[in-house]
Amino acid sequence: MPEYRRILLDGAATQVRREGDELVSADGRVVGVDDAVHLPPSVPSKIVAVHLNHRSRVEEFMTSLPPAPTYFHKPTSSLNGHKGAIVRPERCKYLNYEGEVAIVIGRTARGISPEEAGDYIAGYTVGNDYGLHDFRDTDAGSMLRVKGSDTLCPLGPGLVTDWDFHGKRLRTYVNGTVVQDGSTDEMEWDMHYLVADIARTITLYPGDVLLSGTPANSRPVQPGDVVEVEVEGLGTLTNHIVQGPAPIRDDCGAQPTESEEVISTTFGGDWEFRGIRAPKR
């Protein structure tokens, strides 16, 4: 399966093709895979993410799926690349990983059927839909700051074409330990359905990204942690967590909170502990 990456090569964003352990540009320049400075593999005009899709995640939250998928938006300013630093702002505690498959659009799509959707997909990459749940009390509807803060949408390492999404294993590791282990077969709505659903009313342009949902066991990570998301056939996206250099300003806007909503969501929907767990101080 062909794999293409975007890297910083001699100071310019450049698309390269992977050939074994080397990345080769159209003009023949070569850089080693491990030596490259990676950029997100596409330049989207928008990033759309589905709330719930994997059955293990639904069961973890002790809920049920709606009749059709629901979505939120991650701004393009949240984009990050393979080996990039994920910033947890000072005064925030609940930064969760969510390993996912990301769909990259290849042709302008509007009003297409699920059966046609595959023709409009350029390929697939690995994503990590990080969530800053400290803002969940105020942004649970829009998810804007929860999922859209800077650096919280790493994609990579490359764009793989001709990838069959059926029956593929997805694993997330924190410091080398498996923390999520799922399969694309547990998705209620597959990749083609998601593309067609969004394209009913929102035009999708080449490079646009759809995040397809995460399996169970999203949990918080700490500065210094290394998080890897491995998808069978797509490779491994690696990032590390750092502490932000400046605190969230307290002279405007909603402040980070530690409510039952925040804690229960952060630790996997443990709603049975509501009213029992000692309050955070």
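Residues numbered from 1 in each chain as written. Predicted model: local features only at pLDDT ≥ 70, side-chain atom pairs only at ≥ 80, totals over all residues. Heavy atoms only, no water.

Per an unreviewed UniProt entry, the protein goes by the name Fumarylacetoacetate hydrolase family protein and belongs to Microtetraspora glauca.

A short note on the layout of surface pockets
Here the largest pocket defines a volume of roughly 350 Å³. Forming the walls of the largest pocket are 19 residues, and the residues nearest its centre are H51, L52, R57, F61 and R136. A class-by-class count of the residues in the lining of the largest pocket yields eight nonpolar, six polar and five charged. (1 Å grid on protein atoms, 1.4 Å probe; cavity = no way out; pocket = protein on both sides within 12 Å on 5 of 7 lines; lining within 4 Å. Points joined across faces, edges and corners; volume = space filled by probe spheres on them. Nonpolar A, V, L, I, M, F, W, Y, C, P; charged D, E, K, R; others polar.)

Focus on the UniProt feature "domain: Fumarylacetoacetase-like C-terminal" (unreviewed entry) in the protein
Listed under "domain: Fumarylacetoacetase-like C-terminal" (unreviewed entry) in the UniProt record, and renumbered for this structure, are residues 46-242. End-to-end, the C-alpha atoms of residues 46-242 are 26 Å apart, and along that stretch the chain is 14% helix and 38% strand. (UniProt positions renumbered as here; feature names shortened; annotations may be inferred. Helix = DSSP H or I, 4+ residues; strand = E, 2+ residues; numbered from the N terminus.)

Points about the sheet that holds strand β10 (residues 95-96)
Paired through their backbone hydrogen bonds, the strands of a sheet run either parallel or antiparallel. With respect to topology, three strands assemble into an open sheet ordered β13-β10-β18, the strand pairing being antiparallel. Only two strands of the sheet have a single partner each, and these edge strands are β13 (131-132) and β18 (220-221). Summarising the sheet, β10 and β13 pair through two bridges and their orientation is antiparallel. Note that in β13 the partner of N96 across the bridge is G131. (Pairing = 2+ DSSP bridges.)

Focus on the pattern of salt bridges
Scanning all chains against the criterion turns up 18 salt bridges. One connected set of salt bridges, linked through shared partners, spans R57, E60, K74, E98, D129, K147 and R219. (Salt bridge = Lys/Arg side-chain N within 4 Å of Asp/Glu carboxyl O.)

Remarks on unusual backbone geometry
In this structure, the amide linkage connecting G156 to the following residue, P157, adopts the cis form with an omega of 5 degrees. Looking at the element boundaries, P157 is found in strand β14 (residues 153-160). Phi is positive for N175, close to 55 degrees, though the residue is something other than glycine. Inspection of the secondary structure assignment puts N175 in the loop between β15 (169-174) and β16 (177-183). Relative accessible area serves as the criterion here: at 47%, N175 is assigned to the partly exposed category. Although it is not a glycine, N217 adopts a positive phi angle of roughly 80 degrees. (Buried < 20%, exposed > 50% of the residue type's maximum accessible area, 1.4 Å probe, protein only.)

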